[in-house]
Amino acid sequence: MGIRYFLQKNPVKPGSRRAVLLRGAKATFEDFLDHCETASKVGRADALAVVTMMVGWIEARAPEGREVDFGPLGQTRLGMAGVFTEDEQPIRPDEWRLTIGWQLTRRLR
């Protein structure tokens, strides 16, 4: 199945249209583990162990304020969410929460 889309009026540029992607079914993490097992010598358990270690690596570095670079996959981007009314320094722990995003590499974009 190829890319499916439809065109609609572009509200940002009057007189033009934009493409809206119709998403297909998602490939799952289980699909990935199956792929690892059938397309390489890496078994499901090994692939799962590596991904689990990657998640743990991110979780351990984030509270230190460290972003993680995973090379060809991209890197984490840390942020702080909260509402702040004063120029108070430092902010209290109950006023914010850490957010983690992901920036894809150029190749994956």
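Shown above is the structure to which this text applies.
In this report, the structure presented in the accompanying data block is examined. (Residues numbered from 1 in each chain as written. Predicted model: local features only at pLDDT ≥ 70, side-chain atom pairs only at ≥ 80, totals over all residues. Heavy atoms only, no water.)

1. What about the pattern of salt bridges?
1) Next: For the structure on display, the rule yields four salt bridges.
2) Next: For Asp34, the salt bridge is made with Arg44, and the minimal N-O distance between the two is 2.3 Å. Taken as a pair, Asp34 in helix α1 (residues 29-39) and Arg44 in helix α2 (residues 44-61) lie far apart in primary sequence, ten residues in all.
3) Next: Measuring nitrogen to oxygen at the nearest pair gives 2.8 Å for the salt bridge that ties Arg77 to Glu67. Of the two residues, Arg77 sits in strand β3 (residues 75-82) while Glu67 sits in the loop between α2 and β3, which places them ten residues apart along the sequence.
4) Next: Here Arg77 falls in the partly exposed class, since its relative accessible area comes to 35%.
5) Next: Relative accessible area serves as the criterion here: at 37%, Glu67 is assigned to the partly exposed category.
6) Next: Counted as one network, the salt bridges with shared partners bring together Glu30, Asp34 and Arg44. (Salt bridge = Lys/Arg side-chain N within 4 Å of Asp/Glu carboxyl O. Helix = DSSP H or I, 4+ residues; strand = E, 2+ residues; numbered from the N terminus. Buried < 20%, exposed > 50% of the residue type's maximum accessible area, 1.4 Å probe, protein only.)

2. A few points about the environment of Arg18
1) Next: Among the structural elements, Arg18 can be located in strand β2 (residues 17-22).
2) Next: Taking the C-alpha atoms as reference points, Arg18 and Gln8, separated by ten residues in sequence, lie 5.6 Å from one another.
3) Next: If near-sequence neighbours (up to four positions away) are discounted, Arg18 is found in contact with Phe6, Leu7, Gln8, Lys9, Asn10 and Pro11.
4) Next: Only 2.5 Å separates the side chain of Arg18 from the side chain of Gln8, close enough to count as a polar contact. (Contact = heavy atoms within 4.5 Å. Polar contact = N/O pair within 3.5 Å; in protein donor to acceptor, adjacent residues only side chain to side chain.)

3. A short note on the environment of Pro11
1) Next: Topologically, Pro11 is positioned in the loop between β1 (4-9) and β2.
2) Next: Residues Pro11 and Trp57 lie 46 residues apart in sequence; the distance between their C-alpha atoms is 42 Å.

4. A closer look at the packing of aromatic side chains
The description of an aromatic ring pair uses the distance of the two centres, along with the angle that the planes make with each other.
1) Next: Overall, the coordinates contain two aromatic pairs when judged by the stated rule.
2) Next: Between the aromatic rings of Phe29 and Phe32, the centroid separation amounts to 6.1 Å while the plane-to-plane angle is 25°, which identifies the pairing as stacked. You can see Phe29 and its partner Phe32 sitting in helix α1, three residues apart, about one turn around the helix.
3) Next: When its relative accessible area of 39% is taken as the criterion, Phe29 is described as partly exposed.
4) Next: Exposure remark for Phe32: the relative accessible area of 38% places this residue in the partly exposed category.
5) Next: Taken together, a centroid distance of 6.2 Å and an interplanar angle of 20° make the contact between Phe70 and Trp102 stacked. (Phe/Tyr/Trp six-rings, centres within 6.5 Å; stacked < 30°, edge-to-face > 60°.)

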